[in-house]
Amino acid sequence: MSTVAEIVADVRARGDEALAEWSLELDGVAPARAEPTEGLPEQAVVALADRVRRWHQAQRPSDLRMEIEPGVELERRWVALGSVGIYVPRGLVSTLVMCAVPAQAAGVGRVVVVTPPGGSGLVAAAAELLGIDEVWAVGGPQAIAALAYGTETIARVDKIVGPGNAFVNEAKLLVSRDVAIDLPAGPSEVVVVLGRGADRNIAELELAAQAEHGRDAVCRTVEGDDLEAALADVERIAPEHVVLLGEAESLAPRIRNAGAVFVGSSSPVASGDYATGGNHVLPTGGWARSVGGLGLETFLKPVTIQRLTPAGLDLVRPTVEALAAVEGMTAHAAAVQR
């Protein structure tokens, strides 16, 4: 069997021809524009999209402009990415909403969706409802390569977002040397912390729901009789989802290593997956130690602008000259002589 690296390299080198060959071999269908089909629960999609949009619009960071010294001004301005590619796993309409709506709220110019052929009609119908018209029925590592490097029919993008299976995530990590990605969101995870007074039936419901994500889903409980030990376990595991029940609810403000935390018996993970507006594209595999889930900032980048007056340049010139001298950068020192 060919490796993910071979597939990615082949699509990068041969474009559409390789994309078609791999799609036929792996999915039995040639790449094509996905056509909307019936059966989409439009009202539910609209309700979710509205909540996602409101929550993510509120996350917009403020531009900053500051005079550091007289005549020395710095500005940090947030701008939207030019284009984003979204990988939507088979038939997961909710994931399309989680990725596309924040991209739209950020002001991304081009949003392109790739999704495996099976279930692509519903994804295309949801995309149409959201005002997105570039949806391709192609999945797997070959789809990631097409987004990263472009083909004759699929133009490359500035960033790739969205979860996928182990092969898709391996492809994302491979192409991350050449194009930005959000995070490697792989097999789903939940840790349920059972504090004193917790309802174990609720815990079983959470574990069963998470297990629906597939055989490689990580579903476990942590006994919370000793809350400090339970907290240490959660921080060590750094799971995608944490559910706090009973007295363990008090740990919520202290958890640092988790994609999302659900507090109390009325806060099922499924509510976040489908309805609250919080993003369900979250770090897995321990990545929650260093990164968070998708947010508006995923689709933005900061640009720094610097302005100096002649007086401001006079003010900073001694600093430049001293540091340039110690680092042996004579041209840098000369550059401030004007």
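What you see is a predicted model, and the numbers here were worked out from it, not measured in a lab.

Student: Can you help me understand the overall build of the protein in this one?
Tutor: Helix and strand counts for the protein come out as 12 helices and 12 strands. Evaluated residue by residue, the protein yields a buried proportion of 47% over its 338 residues. Separation of charge centres in the protein, based on 28 positive and 44 negative side chains, amounts to 5 Å.

Student: Please explain the pattern of salt bridges as it appears in this structure.
Tutor: Pairing between side chains becomes possible if they bear opposite charge and their charged atoms approach one another. Summed over all chains, the structure comprises 15 salt bridges. Ionic pairing is found between Arg200 and Glu223, a salt bridge with its closest N-O pair at 3.0 Å. Here Arg200 is found in helix H8 (residues 200-211), whereas its partner Glu223 is found in strand S9 (residues 218-223), with 23 residues between them in sequence. Take Arg200: its relative accessible area is 49%, and that puts it in the partly exposed class. Between Glu228 and Arg254 there is a salt bridge, with the nearest N and O atoms lying 2.8 Å from each other. In this pair, Glu228 sits in helix H9 (residues 227-237) while Arg254 sits in the loop between strand S10 (241-245) and strand S11 (260-263), placing the two residues 26 residues apart along the sequence.

Student: Could you clarify how one ought to interpret the sheet that holds strand S12 (residues 300-308) in this entry?
Tutor: Strands belonging to one sheet form pairs held by backbone hydrogen bonds; the direction of such a pair is parallel or antiparallel. The three strands are arranged S1-S2-S12 in an open sheet whose pairing can be described as antiparallel. Strands with a single pairing partner mark the edges of an open sheet, and in this sheet they are strand S1 (64-69) and S12. Direction aside, neighbouring strands of the sheet carry axes that sit 20° apart on average. As judged from the nine bridges shared by strand S2 (residues 72-80) and S12, these two strands associate in the antiparallel manner. The partner of Leu74 across the bridge, within S12, is Gln306. Seen against the sheet, helix H11 (residues 310-327) touches S1, S2 and S12 and runs at an angle of roughly 95° to S12.

Student: For this particular structure, what's the right way to read the sheet that holds strand S6 (residues 159-161)?
Tutor: One open sheet accounts for five strands, arranged S5-S4-S3-S6-S7; its pairing is parallel. With partners counted over all chains shown, the strands left at the sheet margins are strand S5 (135-137) and strand S7 (180-181), one partner each. Each of strand S4 (110-115) and S5 touches helix H5 (residues 120-130); the most contacted strand, S5, lies at about 180° to it.

Student: What is the right way to look at the pairing of strand S3 (residues 83-87) in this model?
Tutor: Residues in a regular strand project their side chains so that they alternate between the two faces of the sheet. The element S3 is extensively covered by neighbouring structure, given that five of its five residues are classed as buried. Side chains of S3 alternate between two faces, with Ser83, Gly85 and Tyr87 and Val84 and Ile86 buried alike. Looking at chain direction, S3 and S4 are connected through five bridges and run parallel. The partner of Gly85 across the bridge, within S4, is Val112. Each parallel crossover has a hand, and for S3 linked through helix H4 (residues 93-106) to S4 it is right-handed.

Student: What is the right way to look at the pairing of S1 in this model?
Tutor: Counting buried positions along S1 gives zero out of six residues, so the element sits mostly on the surface. The pairing of S1 with S2 spans five bridges and is classified as antiparallel. From the neighbouring strand, Leu64 faces S2, where its bridge partner is Arg76. Where S1 folds back on S2, the antiparallel hairpin that results is connected by two residues, among which Gly71 adopts a positive phi of roughly 85°.

Criteria and cut-off values
Residues numbered from 1 in each chain as written. Predicted model: local features only at pLDDT ≥ 70, side-chain atom pairs only at ≥ 80, totals over all residues. Heavy atoms only, no water. Helix = DSSP H or I, 4+ residues; strand = E, 2+ residues; numbered from the N terminus. Buried < 20%, exposed > 50% of the residue type's maximum accessible area, 1.4 Å probe, protein only. Lys, Arg positive; Asp, Glu negative; His and termini not counted. Charge placed at Lys NZ, Arg CZ, Asp CG, Glu CD. Salt bridge = Lys/Arg side-chain N within 4 Å of Asp/Glu carboxyl O. Pairing = 2+ DSSP bridges. Axes fitted to C-alpha atoms, helices over the stretch in contact; angles between N-to-C directions. Contact = heavy atoms within 4.5 Å. Right-handed = clockwise from strand over helix to strand, strands pointing away.

Keep in mind these numbers describe shape, not what the thing actually does.
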